[in-house]
Amino acid sequence: MEQNSIPSTKVQRAMRFVKTGAQIGGNYIKHYSKKMVDPSLSKDELHENNANDVYNALSELKGSALKVAQMLSMEKNVLPRQYTNKFQMAQYSAPPLSGPLIVQTFVKAFGKTPQEIFDTFEMKASNAASIGQVHKATLDGKQLAIKIQYPGVAESIKSDLKIVKPIAFRLLDMNEKELEKYIKEVESKLLEETDYELEFKRSIEITEACKHIPNLVFTNYYKAFTSNRVLTMDWLDGMHLDDFLKTNPSQEIRNAIGQAMWDFYDMQVHELKAVHADPHPGNFLMQTDGKLGVIDFGCVKEIPEDFYLNYFSLLIPEIMQSATTMRNIMLQQQIITINDSERTQQIITDAFTKMTTLLRTPFDEEEFDFGNNAYIDQIYALGEEVSKIDELKKSKEGRGSQHALYINRTYFGLYSILNVLQAKIKTGVRNWKKPLIEYHLTKLN
Amino acid sequence: MKAKLIQEYIHYTLEHNNTPQSVYLFAKSVGISEQEFYNHFSGLETLESEIYQTWFEEAMHKCTTSSPWNDYSAREKVLAVFYTFIESLKPNRSFVKFLKERDFKSLPKWPAYLNGLHHSFMDHVKPILNEGIASTEIAERKYIDTKYADGLWLNFLFVLKFWIDDTSPAFEKTDAAIEKSVNLAVDLMGKSALDAALDFGKFLFQNK
């Protein structure tokens, strides 16, 4: 059978991480001893070695640890690119559930085997998701996709995250206290993701609200065959991003798909205030006629009102002009705190202004070409530059609201998919800035 | 009648929070003569031992008649047997728990009331393992491969105990325990680095 052994107990999993920690240490020693001989050696090779070891450790785990790998791979601004390339592979591979376990899961949830419920049911998974897998089935002539979750995922998430922590702050250059509020945020989202009944509810809500957007397609979900660990929907055709690009789609088709994706996120962020926060390529199915299918609403970030009013104001030049408003927003977002010295506040504010000015570029114009690689490279470069600022590195406090974690990740995911897609997007269609400007004006007066 | 007596036995135990102390008392509560009882079982111990055996045979029947059974590999068949049996215990969890509290100490020993289960388990698992050996899914190892079934039996007892003590919602942890322990057991039975090491050791020994 294709199943490799999974380190199963907490101790075993912990051992993997201890080993990885030791390997990373070893890589550093190797790097510096090599560097003594060859001073021209860049840090690239070191990062590459580290990324390999961390990835190998994570790929032997399942569930939440794999998800953390995904999270890290999306935070392109904090990780050197060698890490992200490796981690992106984690998005597609997870060892499968055995056939009898699938049957067992169905019997527990519906009192019947999948063979009794459906006309046909493929025992071999057609797709691995990070905490489960997808099977094809047919019923009354309809093709279905059925997502099945590993048993006990929710139970193991907490202990997994405890184990991931030391590795995480090693990678992210953060101390434990600083990391805590973010880990909590990730933990709550991960736990939500294990509840397929919640996902069912959210899928229907977002689908209803967004189905009018041109070129966007959703699927039907079946309540009768949904439990907290099984989710049944119509099979949605389409290709993942890399396969889609191999078909050489025209610029018009790429723009259409990119536009659908942009409008989808505009709608969610500014109207629904709840956003599909898992924009990794595996969750989008692209069709050669320019349609975009969206699946997997397991990770939905609800945006609190006061966070919304401040976070998105940072993207509006008119608001950023006022130093007082700017300072208030930075404080509300916990990017600076009243305990910071004035110098620190200034340095961080400057760096932040530089970053948001760059990040908001697509919003400044009516149309933006995400195919512009120079722009994306600038973001990476600035990200690395910011992460090297001493005031930020030495900071004992967490910088930035925990709500920003998933929102940042969403936009980084969106930007990088649109970049790979080389799409030109009409970014200025929705006028969301006006209410925000008015809000801050009345606050000033 | 046998099935009815078994039902009555379970019922009696749960109601009295104790197993019947004699055939006389049990027969009386069922409303039959002691003599009638002996037409079906030679004693209360035999009856107890047949309870688990009956459940297992029923689970096996359910397994082998379900559609994916014939397409399953040996590994999957073993997994299916474990899952189906544990699932079939659910309606009688209180009784199973009671017996375990009464006597089911540490492995590898098992109480007399599981002897019937042991017989049936061996009868059904051995052919599955032989199938696996024939398809090379499981490695043929002299002297050791006759012990495979005994190993799985211990695995089976472990899972049974695990389920009885499991408090996770819908016994999800038991599912994970089955998946992981059986996969490990079958992995160990398959060709592995161990065989290569033994082979190499033998080579060195013979060529020195």
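Residues numbered from 1 in each chain as written. Chains lettered and ligands numbered in written order. Predicted model: local features only at pLDDT ≥ 70, side-chain atom pairs only at ≥ 80, totals over all residues.

Caption draft 1: Looking closely at the overall build of chain A. When helices and strands are tallied, chain A shows 20 helices and 13 strands. Across the 445 residues of chain A, 36% fall into the buried class. (Helix = DSSP H or I, 4+ residues; strand = E, 2+ residues; numbered from the N terminus. Buried ≥ 20, exposed ≤ 12 C-beta atoms within 10 Å, placed from the backbone.)

Caption draft 2: Representation of the overall build of chain B within the structure. Each helix and strand counted, chain B has ten helices and zero strands in total. Across its three principal directions, the C-alpha atoms of chain B cover 75 × 35 × 35 Å. Put simply, chain B has 208 residues, and 28% of those count as buried. Considering only intrachain contacts with a sequence separation of at least 6, the fraction spanning at least 24 residues in chain B is 67%. (Contact = placed C-beta atoms within 7 Å.)

Caption draft 3: Main features of the packing of helix α8 (residues 148-165) of chain B against helix α9 (residues 172-189) of chain B. All names here are of chain B. Two numbers describe how α8 lies on α9: the axes approach to 10 Å, and their chain directions differ by 165°. Classified by the angle between their axes, α8 and α9 sit roughly antiparallel to one another. As for the relative orientation of α8 and α9, their crossing is right-handed in sense. When α8 is examined against α9, the residues Y148, G151, L152, N155, F158, V159, F162 and W163 are found in contact with a partner set consisting of T174, A177, I178, S181, V182, A185 and M189. Grouping the amino acids of the contact of α8 with α9 by side-chain chemistry returns eleven nonpolar, four polar and no charged. (Axes fitted to C-alpha atoms, helices over the stretch in contact; angles between N-to-C directions. Parallel < 35°, antiparallel > 145°, perpendicular 65-115°, else oblique. Left-handed = near helix turned anticlockwise from the far one by under 90°. Nonpolar A, V, L, I, M, F, W, Y, C, P; charged D, E, K, R; others polar.)

Caption draft 4: Structural context of the sheet that holds strand β9 (residues 284-286) of chain A. Residue and element names in this part refer to chain A. If you walk across this open sheet you meet the three strands as β5-β10-β9, and the pairing is mixed. Looking along the sheet, the strands with just one partner apiece sit at the ends: β5 (216-217) and β9. Looking at chain direction, β9 and strand β10 (residues 292-294) are connected through three bridges and run antiparallel. By the bridge assignment for β10, L285 is matched with G293. Strands β5, β9 and β10 of the sheet are contacted by helix α11 (residues 251-272), whose axis makes an angle of about 40° with β10. (Pairing = 2+ DSSP bridges.)

Caption draft 5: Inspection of the environment of K173 of chain B at higher detail. Relative to the elements of secondary structure, K173 of chain B occurs in helix α9. Residue K173 of chain B is classed as partly exposed on the basis of its C-beta count, with 19 C-beta atoms lying within 10 Å. In this structure the C-alpha to C-alpha distance between K173 of chain B and F98 of chain B, which are 75 residues apart in sequence, comes to 21 Å. The contacts of K173 of chain B, once residues within four sequence positions are left out, are G152 and E155 of chain A together with D166 and S168 of chain B.

Caption draft 6: Molecular detail of the interface of chain B and chain A. Chain B puts 22 residues into the contact, and the matching count from chain A is 18 residues. Elements with a contribution of two residues or more to the side of chain B that touches chain A: α5 (74-89) and α9 of chain B. The element that contributes the greatest number of residues to the side of chain B that touches chain A is α9 of chain B, accounting for nine residues. Its residues assigned to classes, the side of chain B that touches chain A shows eight nonpolar, five polar and nine charged.

Caption draft 7: Highlighting the pairing of strand β4 (residues 142-149) of chain A. Residues and elements named next belong to chain A. Bridging between strand β3 (residues 132-139) and β4 involves eight bridges; their strand directions are antiparallel. Following the sheet pairing, A137 is matched in β4 by L144. The loop that links β3 with its antiparallel partner β4 comprises two residues; one of these, D140, has a positive phi angle of about 50°. Bridging between β4 and strand β7 (residues 230-234) involves five bridges; their strand directions are antiparallel. Within the sheet, the bridge partner assigned to I148 lies in β7 and is V230.

Caption draft 8: Representation of unusual backbone geometry. Residue and element names in this part refer to chain A. Notably, K273 is not glycine yet its phi reads approximately 55°, a positive angle. By secondary structure assignment, the location of K273 is in the loop between α11 and β8 (274-276). Positioned with a positive phi, D296 is a non-glycine residue whose angle comes to about 70°. Structurally, D296 can be placed in the loop between β10 and β11 (300-302).

Caption draft 9: Broad picture of the domain arrangement of chain B. All names here are of chain B. Assigned domains of chain B: these are domain 1 (1-41) and domain 2 (44-193). The centre of domain 1, based on its C-alpha atoms, is set 28 Å off from the matching centre of domain 2. Taken together, the contact pairs ten residues of domain 1 with ten residues of domain 2. Counting only elements with at least two residues in the side of domain 1 that touches domain 2, the list comes to α1 (2-16) and α2 (23-30). No other element matches the six residues that α1 contributes to the side of domain 1 that touches domain 2. The class makeup of the residues in the side of domain 1 that touches domain 2 is nine nonpolar, one polar and no charged. (Domains from an automatic or database assignment.)

Caption draft 10: Expanded view of the nonpolar core. Of all hydrophobic cores here, the largest spans 65 residues; its most connected members are F56, V78, L79, F82 and V159 of chain B. If one sorts the elements of this core by residue count, α5 of chain B sits on top with nine residues. The contact partners of L79 of chain B, leaving out residues within four places of it in the chain, are S98, P100 and L101 of chain A together with I178 and V182 of chain B. In terms of nonpolar packing, the next biggest core, distinct from the first, is built from 33 residues, C210, A260, V269 and I303 of chain A among them. (Core = buried A, V, L, I, M, F, W, Y, C linked by C-beta atoms within 7 Å.)

Caption draft 11: The arrangement of the environment of I10 of chain B in detail. Residues and elements named next belong to chain B. Inspection of the secondary structure assignment puts I10 in helix α1. Judged by the 19 C-beta atoms lying within 10 Å of it, I10 falls in the partly exposed class. Taking the C-alpha atoms as reference points, I10 and N207, 197 residues apart in sequence, are found 64 Å from one another. If we skip the residues at most four places from it in the chain, I10 touches N92 and F95.

Caption draft 12: Expanded view of the packing of α5 of chain B against α9 of chain B. Residues and elements named next belong to chain B. Between α5 and α9, the shortest axis-to-axis distance is 10 Å and the interhelical angle comes to 150°. As far as their axial angle goes, α9 and α5 are roughly antiparallel. Both α5 and α9 take part in a crossing whose hand is right-handed. Only T174, I178, V182 and V186 of α9 make contact with α5, whose side of the interface consists of R75, V78, L79, F82, Y83 and I86. Looking at side-chain class alone, the contact of α5 with α9 contains eight nonpolar, one polar and one charged residues.

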